[in-house]
Amino acid sequence: MSLKAGIVGLPNVGKSTLFNAITKQNILAANYPFATIDPNVGVVVVPDERLDKLNDLYQPARLIPTSFEFTDIAGLVKGASQGEGLGNKFLSHIREVDAICEVVRCFEDSNIINVEDGIDPIRDIEIINLELAISDLEILNNRIDKIKKKAETNRDKEALVELEVLKKAKASLEQNIPLRNVQFTDDEMVYIKNFSLLTIKPIIYLANVSEDELAGENKYVDEVMKYASKENAKTIKICAKLECDLCDLPDEEKLEMLSAVGVSESGLQQLIKATYDLLGLETFFTVGKDEVRAWTYKKGTNAKKCAGIIHTDFEKGFIKAEVMSYEDLIKYGDELKVREAGRYRLEGKDYIMQDGDICLFRFNV
């Protein structure tokens, strides 16, 4: 299951520095606008302590964690939707991601150029969000113009329904309401999803602070949190520079460095967990001597669909799923004892998978 998050923000807010830490790739992180010309894509392993314990139990030949794809998208500027800076090229890259991670500058540093006057995180957020909304409005207006005649003159039922949905979306954007905060029915979402609209995507705000403010108070972070809470979005305080320093250290030294600045968990770990939660993702496992592997699925997915994540043949020929929970395996110590305790079970195609399920899929094609 390929999942993508896009890292966006104004130029020089710390996006590329954070991306370096996330993917451990040494991309260009220069002190001027548009240092990132093409979107840099990197895959990050999702940390999961359960996978480590399964590895200890089964001692497999291969251990495969689940992963997440992050795209570093070059800095947007005011007027991007009308072609300013590198314009719509960047907006098209954002359309390809599942979630948006918006980096906001919350630190003072006279050595780093700021494309706007002074430090004002809310101004910066609104610049970005306005550009996304304007881009969405352009798409909606073009589609409305295209189907309006068909809907109103020919009374085409399908076109009439679509027109009403698009008008609802347009009215919300014109009232400065991002589409992710608009209640659409499942039927309405069928039309909305056709356009890869930017403001429908879930968002996390990453408040980038200096190292010495990571554990303390920061008035700019408070402003971002207050803004985010109005649209039920999450804010993560992060120091992109510290994340870069941490990325190549052994685990023990990482913990020491985090402790020294007064935090217990890296910003990267918080970001991955928050992104998973934002997208409603969970994990199931397959285990054995050959391989222990984590698989990502959307919460609420049934066993048959989850089997298809491994291979389409598993879904086509699905018979049953043999399931035990991770908690039961740890509690009883091994698979045999889970069976003896009556906690190992057979589930059908409509069984809704639970986070931490350990599965063996029976199939026949």
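You'll find the structure just up there.
Treat the numbers as computed from the prediction; the structure is a model and nothing was measured.

### Overview of the layout of surface pockets
- In this structure, the largest pocket occupies an estimated 870 Å³ of space.
- Surrounding the largest pocket, 29 residues form its lining, Pro47, Asp251, Lys254, Ser266 and Gln269 being those nearest its centre.
- If you list the elements that add at least two residues to the lining of the largest pocket, you get α1 (15-23), β2 (40-45), α2 (49-58), α8 (240-246), α9 (251-260) and α10 (267-278).
- Tallied by class, residues from the lining of the largest pocket come to 16 nonpolar, four polar and nine charged.

### Some thoughts on the pattern of salt bridges
- Counted under the stated rule, the structure contains 19 salt bridges.
- One salt bridge in this structure joins Lys273 and Glu265, with 2.5 Å as the shortest N-O distance.
- Judged by relative accessible area, which is 24%, Glu265 ranks as partly exposed.
- One network of salt bridges, in which partners are shared, links Glu322, Glu335, Arg339 and Arg362.

### Examining the sheet that holds strand β4 (residues 67-72)
- Spatially, six strands are ordered β2-β4-β1-β5-β6-β7 in an open sheet, and the strand pairing comes out mixed. Every interior strand has two partners, whereas the edge strands, β2 and β7 (234-238), have only one. The average angle at which neighbouring strand axes cross in this sheet is 25 degrees, direction not considered.
- Bridging between strand β1 (residues 4-8) and strand β5 (residues 99-105) involves four bridges; their strand directions are parallel. Residue pairing in the sheet places Ala5 in a bridge with Ala99 of β5.
- Its contacts with the sheet place α10 against β1, β2, β4, β5, β6 (203-208) and β7, and it is angled at close to 165 degrees to β7.

### Regarding helix α11 (residues 303-310)
- Buried residues of α11: Ala303, Cys306, Ala307 and Gly308, and no others.
- Residues of α11 that are buried sit in contact with β8 (281-286), β9 (291-298), α12 (312-316), β10 (318-325) and β12 (357-363).
- For α11, the capping residue at the N-terminal end is Asn302, with a side-chain oxygen 3.2 Å from the backbone nitrogen of Lys304.

### Describing helix α5 (residues 157-174)
- Taking 1.5 Å as the rise per residue, α5 with 18 residues should run 26 Å; its terminal C-alpha atoms sit 26 Å apart, in good agreement.
- If you check which residues of α5 are buried, you get Ala159, Glu162, Leu163, Val165, Leu166, Ala169, Ser172 and Leu173.
- Tucked into the core, α5 has its buried residues touching α4 (121-152) and α6 (186-192).
- Downstream of α5 by one or two residues, Asn176 has phi in the positive range, about 65 degrees.

### A look at the nonpolar core
- Counting residues in hydrophobic clusters, the biggest one holds 57 residues, and the most contacted among them are Phe68, Phe70, Tyr205 and Leu206.
- Not counting residues up to four positions away in its chain, the partners in contact with Leu206 are Leu18, Cys101, Glu102, Val103, Val104, Ile236, Ile238 and Leu271.
- Counting 20 residues, the second largest nonpolar core, distinct from the first, contains Ala151, Ala169, Leu173 and Leu179.

### Observations regarding the packing of α4 against helix α7 (residues 219-230)
- Contact geometry for α4 and α7: axes closest at 9 Å, N-to-C directions at 40 degrees. Classified by the angle between their axes, α4 and α7 sit oblique to one another. Of α7, the residues touching α4 (which contributes Pro121, Ile122, Ile125, Glu126 and Asn129) are Tyr220, Glu223, Val224 and Tyr227.
- For the contact of α4 with α7, the per-class residue count stands at six nonpolar, one polar and two charged.

The rules we used
- Chains are numbered independently. Their residues run from 1 in the order of the written sequence.
- Selection of residues for local features in this predicted model requires a pLDDT of at least 70, selection of side-chain atom pairs for listing and counting requires 80 or more, and totals for whole chains, interfaces and linings are taken over all residues.
- Water and hydrogen atoms play no part in the side-chain values, which are based on all heavy atoms of the structure.
- Here a cavity is any set of points on a 1 Å grid over the protein atoms alone where a 1.4 Å probe fits but cannot get out, and a pocket is any open set with protein on both sides within 12 Å along at least 5 of 7 lines; a residue lines the site when it has an atom within 4 Å of a point.
- Grid points are joined across faces, edges and corners, and a volume is the space filled by probe spheres set on the points.
- For the purposes of this entry, the term helix denotes a DSSP run of H or I that reaches at least four residues, the term strand denotes a run of E that reaches at least two, and both are numbered from the N terminus.
- The nonpolar class holds Ala, Val, Leu, Ile, Met, Phe, Trp, Tyr, Cys and Pro. Asp, Glu, Lys and Arg form the charged class, and all remaining residues, Gly among them, are polar.
- Salt bridge, as applied in this entry: a Lys or Arg side-chain nitrogen positioned within 4 Å of an Asp or Glu carboxyl oxygen.
- Remark: exposure states derive from per-residue accessible area (1.4 Å probe, protein chains only) relative to the maximum for the residue type, with buried under 20%, exposed over 50%, and partly exposed in between.
- For two strands to pair, DSSP has to find at least two bridges joining them.
- Axis geometry follows a simple rule: fit a line to the C-alpha atoms, using only the stretch in contact for helices, then measure angles between N-to-C directions, giving values from 0 to 180 degrees.
- Residue contacts are counted whenever heavy atoms from the two residues lie within 4.5 Å of one another.
- Here a polar contact is recorded for every N or O atom pair within 3.5 Å, except that within protein the pair must consist of a potential hydrogen donor and a potential acceptor, and residues adjacent in sequence are included only if both atoms are side-chain atoms.
- Any helix carries an expected span of 1.5 Å times its number of residues minus one.
- We call a set of buried Ala, Val, Leu, Ile, Met, Phe, Trp, Tyr and Cys residues a nonpolar core when their side-chain atoms join them within 4.5 Å.
- In what follows, roughly perpendicular refers to angles from 65 to 115 degrees, roughly parallel to angles under 35, roughly antiparallel to angles over 145, and oblique to any angle outside these ranges.

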